[in-house]
Amino acid sequence: MAAQAQSSTRGRFITFEGIDGAGKSTHIQYVADLIRARGIELVSSREPGGTPLGEKLRELVLHEPMHLETEALLVFASRREHIAQVIEPALARGAWVISDRFTDASFAYQGGGRGLDLIKIDTLANWVHPELWPDLTILFDVPLEVARARLDATRQLDKFEQEKADFFSAARNEYLRRAAQDPKRFRVIDSTQTIEAIRVELAGIVGALQ
Ligand SMILES: Nc1ncnc2c1ncn2[C@@H]1O[C@H](COP(=O)(O)OP(=O)(O)OP(=O)(O)O)[C@@H](O)[C@H]1O
Ligand SMILES: Cc1cn([C@H]2C[C@H](O)[C@@H](COP(=O)(O)O)O2)c(=O)[nH]c1=O
């Protein structure tokens, strides 16, 4: 009975994914506002990061050269802390969580981009969050050239953003492969559209999530 009461009030877990420059962060505040307007508590966070320790790990992962398996272990270490400190407590009290990236990014970047065996990433995911997967993953999909032009126009590039086209092509393909495998969880947005057109699509997607 107690377990039933808890599951009926559990929050929803939404993740935003896409290659760097796809435009996902641009829309997080908009989606957060849509959810809050429904009277729902909303926690907005990111990976790697989302906790004080996770943000320290983020600095290392984004700026220090390292072995690809070290990189994979660090993003999952950050994730473990994020789940324990932020995601699980929020979902358990009925809040909804938006995370700017989660484990699909590890498949796309460490798996697709760097070529780490996907079985190793699967093993880490099953260890770190055997029961937890997003209720909804919004994948912002964009050709590499468009993403690159958006990044070049705006900022100093971190370690990942300096990677070559092949890296992002493989990361994008891995994202699309995962989306095709799990169409119930993923919604793929054509992120070459205008910001306004994407918002219309997002409102429909998020409005349908109960
Ligand atoms: N649909 C769009 N049309 C034109 N420009 C856009 C669009 N979406 C985002 N941008 C611009 O592209 C740049 C990158 O967007 P944003 O930071 O949201 O990307 P991101 O996917 O979150 O990248 P990263 O993962 O590297 O943080 C920003 O300057 C943003 O204003
Ligand atoms: C969660 C996660 C992230 N990454 C990479 C992907 C991005 O290049 C950066 C995060 O930067 P953003 O501007 O906040 O998107 O980290 C990764 O390689 N593996 C992961 O699991």
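How each quantity is defined
Residues numbered from 1 in each chain as written. Chains lettered and ligands numbered in written order. Predicted model: local features only at pLDDT ≥ 70, side-chain atom pairs only at ≥ 80, totals over all residues. Heavy atoms only, no water. UniProt positions renumbered as here; feature names shortened; annotations may be inferred. Buried < 20%, exposed > 50% of the residue type's maximum accessible area, 1.4 Å probe, protein only. Helix = DSSP H or I, 4+ residues; strand = E, 2+ residues; numbered from the N terminus. Pairing = 2+ DSSP bridges. Near = heavy atom within 4 Å. Polar contact = N/O pair within 3.5 Å; in protein donor to acceptor, adjacent residues only side chain to side chain. Areas by Shrake-Rupley, 256 points an atom, 1.4 Å probe, with all protein chains shown as cover. Nonpolar A, V, L, I, M, F, W, Y, C, P; charged D, E, K, R; others polar. Arc of directions from axis to C-beta. Contact = heavy atoms within 4.5 Å.

As annotated in an unreviewed UniProt entry, the protein chain is Thymidylate kinase from Pseudoduganella flava. In the Catalytic activity (unreviewed entry) part of its UniProt record, the protein chain is described as follows: "dTMP + ATP = dTDP + ADP". Per UniProt, the protein chain carries the Function (unreviewed entry) text "Phosphorylation of dTMP to form dTDP in both de novo and salvage pathways of dTTP synthesis."

Judged by how many residues are buried, strand β4 (residues 136-141) sits mostly within the fold: six of six residues are covered. Residues Leu136, Ile138 and Phe140 line one face of β4 and the alternating positions Thr137, Leu139 and Asp141 line the opposite face, and both faces are buried. Of the pairings in the sheet, the one linking strand β1 (residues 13-17) to β4 comprises four bridges and is parallel in character. Across the sheet, residue Phe16 finds its bridge partner in β4, namely Ile138. Sheet analysis places β4 next to strand β5 (residues 186-190), joined by five bridges and oriented parallel. When the sheet's bridge partners are listed, Ile138 is paired in β5 with Arg187.

Moving on: the site of ligand 1. The full set close to ligand 1 counts 19 residues, and Gly23, Lys24, Ser25, Thr26 and Gln193 are the nearest of them. Gly21 places a polar main-chain atom, nitrogen or oxygen, 3.0 Å from an oxygen atom of ligand 1. Residue Lys24 places a side-chain N or O atom 2.8 Å away from an oxygen atom belonging to ligand 1. With the chains in place, 76% of the 630 Å² that ligand 1 exposes on its own is no longer accessible. Put simply, the parts of the chain that give the shell around ligand 1 at least two residues each are α7 (144-154) and α9 (195-207). It is α7 that provides the largest number of residues to the shell around ligand 1, a total of three residues. Looking at the shell around ligand 1 residue by residue, the class counts come to five nonpolar, eight polar and six charged.

Here we come to helix α2 (residues 28-36). Burial in α2 covers these residues: Ile28, Val31, Ala32 and Ile35. Angularly, the buried residues of α2 cover 105 degrees about the axis, an arc narrow enough to put them on a single face. Structurally, α2 contributes buried residues whose contacts are with β1, β2 (42-46), β3 (96-100) and α9.

Before going further, it helps to examine the UniProt feature "binding site: ATP" (unreviewed entry) in the protein chain. Following the UniProt record, one finds the feature "binding site: ATP" (unreviewed entry) at Gly18, Ile19, Asp20, Gly21, Ala22, Gly23, Lys24 and Ser25. Note on placement: Gly18 falls in the loop between β1 and α2. Looking at where Asp20 falls in the secondary structure, it is placed in the loop between β1 and α2. Judged by relative accessible area, Asp20 falls into the buried class, the value being 12%. Not counting residues up to four positions away in its chain, the partners in contact with Asp20 are Arg101, Tyr109, Ala147, Leu151, Phe160, Glu161 and Phe168. Within the structure, Asp20 has its side chain in polar contact with the side chain of Tyr109 (distance 2.6 Å).

Turning to the site of ligand 2, a few remarks are in order. In the vicinity of ligand 2 there are 14 residues, among which Asp20, Arg58, Arg101, Ser106 and Gln110 approach most closely. At a separation of 2.9 Å, an oxygen atom of ligand 2 approaches a polar side-chain atom of Arg58. The contact in question runs from a nitrogen atom of ligand 2 to an N or O atom on the side chain of Gln110, over 2.8 Å. Expressed as a share of its isolated accessible area of 480 Å², the protein-covered part of ligand 2 is 95%. The set of elements that each furnish at least two residues to the shell around ligand 2 consists of α3 (52-63), α4 (68-92) and α5 (103-113). At four residues, α5 tops the list of elements feeding residues into the shell around ligand 2. Looking at the shell around ligand 2 residue by residue, the classes come out as six nonpolar, two polar and six charged.

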